[in-house]
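Now for the letters of each chain:
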Amino acid sequence: MSVKIRLARAGAKKRPYYKIVAASSRSPRDGRFLERLGSYDPIRTTEDPNRLVLNEERIKHWLSVGALPTDRVARFLDKAGILPGATVHRGTGKRAAEIAEKKAKQEAEAAA
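Residues numbered from 1 in each chain as written. Predicted model: local features only at pLDDT ≥ 70, side-chain atom pairs only at ≥ 80, totals over all residues. Heavy atoms only, no water.

(A) Representation of the overall build of the chain within the structure. Across its full length, the chain carries three helices and five strands. When the helices and strands of the chain are read in sequence order from the N terminus, they spell out β-β-β-β-α-β-α-α. Each of the three principal axes of the chain carries a C-alpha extent, and together these read 50 × 35 × 30 Å. Evaluated residue by residue, the chain yields a buried proportion of 24% over its 112 residues. Put simply, 28% of the contacts in the chain that link residues at least 6 apart link residues at least 24 apart. When the accessible surface of the chain is split by element, carbon and sulfur atoms take 50% of a total near 8100 Å². The averaged location of the 13 negative side-chain charges in the chain is 8 Å from the averaged location of its 24 positive side-chain charges. (Helix = DSSP H or I, 4+ residues; strand = E, 2+ residues; numbered from the N terminus. Buried < 20%, exposed > 50% of the residue type's maximum accessible area, 1.4 Å probe, protein only. Contact = heavy atoms within 4.5 Å. Areas by Shrake-Rupley, 256 points an atom, 1.4 Å probe, with all protein chains shown as cover. Lys, Arg positive; Asp, Glu negative; His and termini not counted. Charge placed at Lys NZ, Arg CZ, Asp CG, Glu CD.)

Structure representation (structure tokens):
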């Protein structure tokens, strides 16, 4: 069973609220999950400490047993310092190639 750490939407229409859950990759987005790991309330201001609530101990447990975070959850974990370097910007277009070249030049200059 492949386990993902992902967002499950809750709340009313036009008032989103998300639960961060560990769930089977085959279960529906808002359906059955294994464990609730936190919450995310995008309506709150960015300075509000209750905007993003994470249970770090349980998240680390699920990561240690092979659960994979989705892209959005990986950004949250990277920002919280639980999974540093997890944010990966993916792309295949012309702009992505330009960004990769620019990054390679910066790394070469830093190494020199």
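(B) Geometry of the sheet that holds strand E2 (residues 15-24). Read from one edge of the open sheet, five strands run E4-E3-E2-E1-E5, paired in mixed fashion. Each edge of the open sheet is held by one strand with a lone partner, namely strand E4 (52-54) and strand E5 (68-69). Of the strand pairs in this sheet, strand E1 (residues 3-12) and E2 are connected by ten bridges, and their pairing is antiparallel. When the bridges of E2 are listed, Ala-10 appears paired with Tyr-17. Lying over the sheet, helix H2 (residues 71-80) contacts E1, E2, strand E3 (35-40), E4 and E5, oriented at roughly 100° with respect to E1. (Pairing = 2+ DSSP bridges. Axes fitted to C-alpha atoms, helices over the stretch in contact; angles between N-to-C directions.)

(C) Fine view of the side chain of Ser-27. Within the fold, Ser-27 resides in the loop between E2 and E3. Ser-27 sits in the buried class, given a relative accessible area of 15%. Only 2.8 Å separates the side chain of Ser-27 from the backbone oxygen of Ser-24, close enough to count as a polar contact. Among the polar contacts listed, one links the side chain of Ser-27 to the backbone oxygen of Arg-32, at a separation of 3.2 Å. Those residues in contact with Ser-27, other than ones at most four positions away along the chain, are Arg-6 and Arg-32. (Polar contact = N/O pair within 3.5 Å; in protein donor to acceptor, adjacent residues only side chain to side chain.)

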